[in-house]
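# An overview of the molecular structure
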4 protein chains.
Amino acid sequence: MSELERFGISLPKDLLCNFDKVITKKGYENRSEAIRDLMRENLVEEAIEEDKEVVGTVTLVYDHHVRDLSDKLTHVQHDFHKNIVSTTHIHLDHHNCLEVLVLKGKSGKVKGIGEKLISTKGVKHGKLVMTATAKEIG
Amino acid sequence: MSELERFGISLPKDLLCNFDKVITKKGYENRSEAIRDLMRENLVEEAIEEDKEVVGTVTLVYDHHVRDLSDKLTHVQHDFHKNIVSTTHIHLDHHNCLEVLVLKGKSGKVKGIGEKLISTKGVKHGKLVMTATAKEIG
Amino acid sequence: MSELERFGISLPKDLLCNFDKVITKKGYENRSEAIRDLMRENLVEEAIEEDKEVVGTVTLVYDHHVRDLSDKLTHVQHDFHKNIVSTTHIHLDHHNCLEVLVLKGKSGKVKGIGEKLISTKGVKHGKLVMTATAKEIG
Amino acid sequence: MSELERFGISLPKDLLCNFDKVITKKGYENRSEAIRDLMRENLVEEAIEEDKEVVGTVTLVYDHHVRDLSDKLTHVQHDFHKNIVSTTHIHLDHHNCLEVLVLKGKSGKVKGIGEKLISTKGVKHGKLVMTATAKEIG
């Protein structure tokens, strides 16, 4: 974590009061922490838009009985092995698997790999979520 | 606007530096203004989740040549006239209209009306966006 | 509306059954209508990403007592008058106004104007939502 | 996978043509597959809103040098061990860790745990994404 800098901001009392209620409910210990999180969320969105380095998490639900599906997914993953950091596999029930992949790379690249995996025939549902790497969010 | 309150927050230097770059790009005049907006965005999300009073804007694209469509839309609007504040109609081209409605009410109610309008047969595309009323966002 | 084309799709029975329940609840009259809407939603997202022509609706909440705010907003609107199709103004309460603007242009341009309006000092909350023009969504 | 059911839908030619372009770009092999995905996405959103059983993936970025942070995160995880299916830990750089947790439970519960983890002091950024379990999405 880089050096801390302190500064003052002024806000309408009502806004502050409402904000305090919400962050208490969410479990934040103090205002600074909650504001830092809002700022980082904002920076992450920017990093994604500007094709900067991001970390992506892809969550896939699929039926492992679908012919060739595991092979196809493994195949895609090997094509992009440089961008795939880890894979976690969970057995949801007799038929269904959950696979969570962590990807790293430019946001455009990560998005492309995510879409390729999610659109593979037999994948029932998939979601990609992107986070900036530590450098981008201070 | 309620009375102003001033307080200090501390942030990692890198985070602040990145944040300043982004808000300058977006056209904010100062940090307080940008942080206030992030907080309000957060409060609006909460208000929506908790079925509080909100203002909703519904944007509809539809072909006014589709039989009975205008009638149906007018019909829905009259059913909920207490929640409909205004309607703006724009002629996109020979066939297509854009209609923007401003709604007011509990978020659940506003969402229901929005979905009803958007799902009407012949409406090509529709979006609902919700904003808190002034009271909720200080 | 362009000529209709009919084609068949096959789906798992359970999926179809769950989908039918949801669209009935939302008020759709039939499956085709609901699927068309999902497709259009998808096309709109693509159009936005690829900087195609879109229609944008900007919703602003602001306090008209803030000095110079109305002037500043009018100023921005005149700078981009070619992209601003209409403006609707609503008096929320003694202090607060809601303004809904309809914009037209490439998605990047529309986003830029929206951000400029939303980030204006004194605007309490703002949201931009984009819809494709009729051409893009068939 | 449950038994397949086949049915016909009719769409405007232009819409279909635009849709085909987009799904080809995204890597779908055929229209049925792409439509199934849109439907499931829709069902997942419904399941989340109605507090049904979901699977959630929480992605956290944090500095493991922050005092007591790992302990606190572990603590939260043990409090909710019944809802936590797996945890994957990745070393981003000297200071920063990425942790991906897979959660299972009612959407409200999963959201609560996710928010608790994300709001923990020292967590730089976090995101929660929810997927329905296989049963909900056919």
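From a predicted model like this one, the values you see are computed outputs, not experimental measurements.

### Points about the interface of chain C and chain B
Listed as interface residues are 48 residues of chain C and, on the opposing side, 48 residues of chain B. Interface of chain C and chain B: buried area, both sides summed, is about 3900 Å²; carbon and sulfur atoms make up 57% of it. At the boundary of chain C with chain B, the tally comes to four salt bridges. Here Glu29(B) and Lys72(C) are joined by a salt bridge, their closest N and O atoms 3.7 Å apart. Ranked by the residues each element gives to the side of chain C that touches chain B, the list is headed by strand β5 (residues 123–132) of chain C, at nine residues. Of the residues contributing to the side of chain C that touches chain B, the split by class is 18 nonpolar, 15 polar and 15 charged.

### Remarks on the relation of the copies chain C and chain B
Between chain C and chain B, which share one sequence, the superposing operator has a rotation angle of 180° and an axial displacement of 0.0 Å; the RMSD is 0.0 Å. Considering both components of the superposition, the chain copies are consistent with a two-fold axis. A symmetric contact is evident, with 100% of the interface residues of chain C recurring at the interface of chain B.

### Overview of the environment of Lys25(D)
Following the sequence through the fold, Lys25(D) ends up in helix α1 (residues 13–26). Discounting residues that sit within four places of it in the chain, Lys25(D) has contacts with Glu46(C) and Glu50(C). Within the structure, the side chain of Lys25(D) is placed 2.6 Å from the side chain of Glu46(C), a separation counted as a polar contact.

### Concerning the relation of the copies chain A and chain B
Between chain A and chain B, which share one sequence, the superposing operator has a rotation angle of 180° and an axial displacement of 0.0 Å; the RMSD is 0.0 Å. Here 100% of the interface residues in chain A have copies in chain B that are interface residues too; the copies meet face to matching face.

Reading the values: the criteria
- Counting restarts for each chain: residues are numbered from 1 in the order of the written sequence.
- The naming scheme follows written order: chains are lettered A onward, ligands numbered 1 onward.
- Where totals are concerned, whole chains, interfaces and linings use all residues; where local detail is concerned, this predicted model gives features only for residues with pLDDT of at least 70, and gives and counts side-chain atom pairs only at 80 or more.
- Processing note: side-chain calculations cover all non-hydrogen atoms of the structure and skip hydrogens and water entirely.
- Should any heavy atoms of two residues lie within 4.5 Å, those residues are counted as being in contact.
- Buried surface area refers to the total accessible area, computed with a probe of radius 1.4 Å, that the two partners give up upon joining, counted for both partners together.
- By convention in these notes, a salt bridge is any Lys or Arg side-chain nitrogen within 4 Å of a carboxyl oxygen on Asp or Glu.
- In this description a helix means any DSSP run of H or I spanning at least four residues, a strand means any run of E spanning at least two, and both kinds are numbered starting from the N terminus.
- Three classes are used, and their members are as follows: Ala, Val, Leu, Ile, Met, Phe, Trp, Tyr, Cys and Pro are nonpolar, Asp, Glu, Lys and Arg are charged, and the others, Gly among them, are polar.
- Superposition of the copies was done by least squares, using only C-alpha atoms of residues whose pLDDT is at least 70 in both.
- Whenever two N or O atoms come within 3.5 Å, that pair is a polar contact, provided that in protein one can donate a hydrogen and the other can accept it, and provided that, for residues adjacent in sequence, both atoms are side-chain atoms.

All we've got here are geometric facts, nothing functional implied.
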